Amino acid sequence: MKRAGMVVMLVLLLSLLAACIDSAGNTGEQADVGAGDGEKVVNIGYSGPLSGAAAYYGENTLNGLELAVDEINEEGFEIDGETYKLNVVALDDKYLPNETAANARRLVQENDTPIIFTPHSGGVSALQVFNEQEKFLIGAYSSEPSITEAGNSLTVRIPPSYDGYIEPFTKYSMERFGNKLAAIPPVTQYGKDWAEALLPHWESEGGEVVYESSVDFSKDTDFFTLLTNALEEDPDVLFIGGPSEPTAKVAQQARDLGFEGGFMIMDQAKLDEMKNVTGEDSYEPFEGAIGTMPLVNADYPGVPDFVEKYRQEYDKDPGSEAGFHYVAMYIFVEAMKAAGNVEDAEAIRSHIQDGLDNLPEDKKVYVIPSIGENGGFEIDTRYGSVEDGEIVPYDG
């Protein structure tokens, strides 16, 4: 009898739990975000690497998104007399495009997410196969040009395209170190595409590619053999990149093996985050590196307040991943307000320029005047180089 009574109680508890599930299939979503009477919740999807070698990168992108959501939810935002708050539903895709696609279908079907953020090109490409049919907007955090070249009407590329880095990175590295390049990009599609764009340009400028290979950060943690083979060709510059943490380890190990040349850093890796990985007080291990300008060194109007809030919340400096996701979330909310709609992805996309125009000055962690016809944010690109152990601007 006692056993039967326990079963009955369990069934009752499950019934109560089911009653808490809203029509979108979310358990307690409104309670989680502190929605009050008369307030509604909009679920925002996220699929990114939250485990494995790229987990640090994924965490940083999600942090920026969640910080914006927390701020927005302090008062909510109003459309047609209704007050809305946001809820981030984050799923781990382990940096695998097939997992990104599976996560997106789950987010749309179970959580009715009008927007799904994903921070890698493989994941974005996987979502572009079906997002127009299933009517959700992709917040694409990747500088891969093919993302917007695909002509997908419901994709917004958040960072600038990486093809803008090729010429200035090449110019700086050749002028400071020489014309012999060893290329060791990651095995991801993003890494392959970067290399396919860079290497012909390097050679067209009179350079020589003396070594070419790739690294799989999902499997490799020791780069000794790969770097030894590369350095046997006596390169002046190493082309490396990917998530900041493993990229920093590649650079540090190259120094340990005696490499004294420069580093050309793909834009996914951030110099300030790489410094944090090495634990050094200065950028000395990365002397001669050229990469994107760290956000904490940028002079955009919203940076000081954002950096202070981020440090208070996460006890570390924010990188561009966090900054771009933070400002993008505010832009999407302003687009929702201009569209008068929180559900229709097409309506929200059609008002992204309004979102940019209406973005408050103190939220401009990046200054983004416009969105291009192809769906990419148009941003003035900044570069940073390491000289005498410090980050200095490089104007190309």
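The rules behind each value
Residues numbered from 1 in each chain as written. Predicted model: local features only at pLDDT ≥ 70, side-chain atom pairs only at ≥ 80, totals over all residues. Heavy atoms only, no water. UniProt positions renumbered as here; feature names shortened; annotations may be inferred. Salt bridge = Lys/Arg side-chain N within 4 Å of Asp/Glu carboxyl O. Helix = DSSP H or I, 4+ residues; strand = E, 2+ residues; numbered from the N terminus. Buried < 20%, exposed > 50% of the residue type's maximum accessible area, 1.4 Å probe, protein only. Contact = heavy atoms within 4.5 Å. Pairing = 2+ DSSP bridges. Axes fitted to C-alpha atoms, helices over the stretch in contact; angles between N-to-C directions.

In the annotation of an unreviewed UniProt entry, the entry for the protein reads ABC transporter substrate-binding protein, and the organism field reads Virgibacillus sediminis. Its UniProt record, at the heading Sequence similarities (unreviewed entry), says of the protein: "Belongs to the leucine-binding protein family."

**Q** Is there a simple way to explain the pattern of salt bridges in this structure?
**A** Side chains bearing opposite charge may pair, as long as their charged atoms lie close to each other. Considering all chains together, one arrives at 15 salt bridges under this definition. Between Glu 334 and Lys 337 there is a salt bridge; the shortest N-O distance is 3.2 Å. Taken together, the residues Glu 334 and Lys 337, both in helix α14 (residues 320–339) and three residues apart, mark about one turn of the helix. Owing to a relative accessible area of 11%, Glu 334 belongs among the buried residues under this scheme. Each of Glu 71, Lys 309 and Lys 363 takes part in salt bridges that share partners, so that together they form one network.

**Q** Help me understand helix α8 (residues 166–176), please; the structure alone is not making it clear to me.
**A** Helical geometry note: an α-helix holds 3.6 residues per turn, so side chains three or four residues apart project in the same direction. Considered for burial, the residues of α8 that qualify are Ile 166, Pro 168, Phe 169, Thr 170, Tyr 172, Ser 173 and Met 174. Contact partners of the buried residues in α8: α9 (189–204), β9 (237–240), β10 (262–265), β11 (290–292), β14 (383–387) and β15 (390–394). In the segment just after α8, Gly 178 is the residue with positive phi, at about 140°.

**Q** I would appreciate a short explanation of the sheet that holds strand β2 (residues 77–79) in the present structure.
**A** Two strands in a sheet stick together by hydrogen bonds in their backbones, pointing the same way (parallel) or opposite ways (antiparallel). Strand order in the open sheet formed by six strands is β2-β3-β1-β4-β5-β6, and the pairing between neighbours is mixed. Only two strands of the sheet have a single partner each, and these edge strands are β2 and β6 (155–157). Going across the sheet, the axis of each strand differs from the next one's by a mean of 30°, ignoring polarity. Summarising the sheet, strand β5 (residues 137–140) and β6 pair through three bridges and their orientation is parallel. Bridge pairing in β6 links Ala 140 to Arg 157.

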